[in-house]
Amino acid sequence: MRSSGPGGQNVNKVETAVQLRFNARLSPNLPDAVRHRLEKLAGHRLTQDGVIIITAQRHRTRERNREDALARLLELIREAAVPPPPPRRPTKPTLGSKLRRLEGKTRRADVKKGRGRQDGD
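Residues numbered from 1 in each chain as written. Predicted model: local features only at pLDDT ≥ 70, side-chain atom pairs only at ≥ 80, totals over all residues. Heavy atoms only, no water.

A. Spatial organisation of the overall build of the protein chain. Within the protein chain one finds 3 helices and 2 strands. Scanning the protein chain from its N terminus toward the C terminus, one meets helices and strands in the order β-α-β-α-α. Sequence-distant contacts, at least 24 apart, represent 57% of the contacts inside the protein chain between residues at least 6 apart. Summed over all atoms, the accessible surface of the protein chain reaches about 9900 Å², with 53% contributed by carbon and sulfur. (Helix = DSSP H or I, 4+ residues; strand = E, 2+ residues; numbered from the N terminus. Contact = heavy atoms within 4.5 Å. Areas by Shrake-Rupley, 256 points an atom, 1.4 Å probe, with all protein chains shown as cover.)

Pasting the structure below:
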């Protein structure tokens, strides 16, 4: 397909842009969890049929655009292959942190108490 961008006189003659299509739904090499994360990561590049379309037109040659599109697809698959971190397990504040918090509140209350009108003024 034709590419936009730099190219000089060559721009209207040569088709240098590349469109890479990868059918994520029918790929036998992807585990279900990775496939699901990949479809979520693909976003607007995913068609309703489960095909990921990556368009590359950064470079002036078709070969470099082909390499770029393949590298972007591999990066997307690598990112999807990493499982999400486990959810955070909520914990209770420690006794020391509770005491520090209360001590700070007491100190602040004393400062504010000292700001009022003094007896004898």
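B. Up close: the side chain of Asn65. With respect to the element layout, Asn65 can be found in helix H2 (residues 62-81). Aside from chain neighbours lying at most four places away, what touches Asn65 is Thr16, Ala17, Val18, Ala56, Gln57, Arg58 and His59.

C. Quick peek at the pattern of salt bridges. One pass over the full model with this rule turns up 5 salt bridges. A salt bridge links Arg107 to Glu103, with the nearest nitrogen and oxygen atoms 3.0 Å apart. Note that Arg107 and Glu103 are positioned in helix H3 (residues 95-113) at a spacing of 4 residues, about one turn of the helix. (Salt bridge = Lys/Arg side-chain N within 4 Å of Asp/Glu carboxyl O.)

D. Layout of the nonpolar core. With 14 residues, the main nonpolar core has Phe22, Leu30, Leu38, Ile52 and Ile77 as its most contacted residues. Secondary-structure elements contributing two or more residues to this core are helix H1 (32-42), strand S2 (51-56) and H2. With 5 residues, H2 is the largest single contributor of residues to this core. Contacts of Phe22, omitting those with residues within four sequence positions, involve Ser27, Leu30, Leu38, Gly50, Val51, Ile52, Leu73 and Ile77. (Core = buried A, V, L, I, M, F, W, Y, C linked by side-chain atoms within 4.5 Å. Buried < 20%, exposed > 50% of the residue type's maximum accessible area, 1.4 Å probe, protein only.)

E. Region of the structure containing the pairing of S2. Burial runs high along S2: 5 of the 6 residues are buried. The pairing of strand S1 (residues 18-23) with S2 spans 6 bridges and is classified as antiparallel. Bridge pairing links Val18 to Ala56 in S2. (Pairing = 2+ DSSP bridges.)

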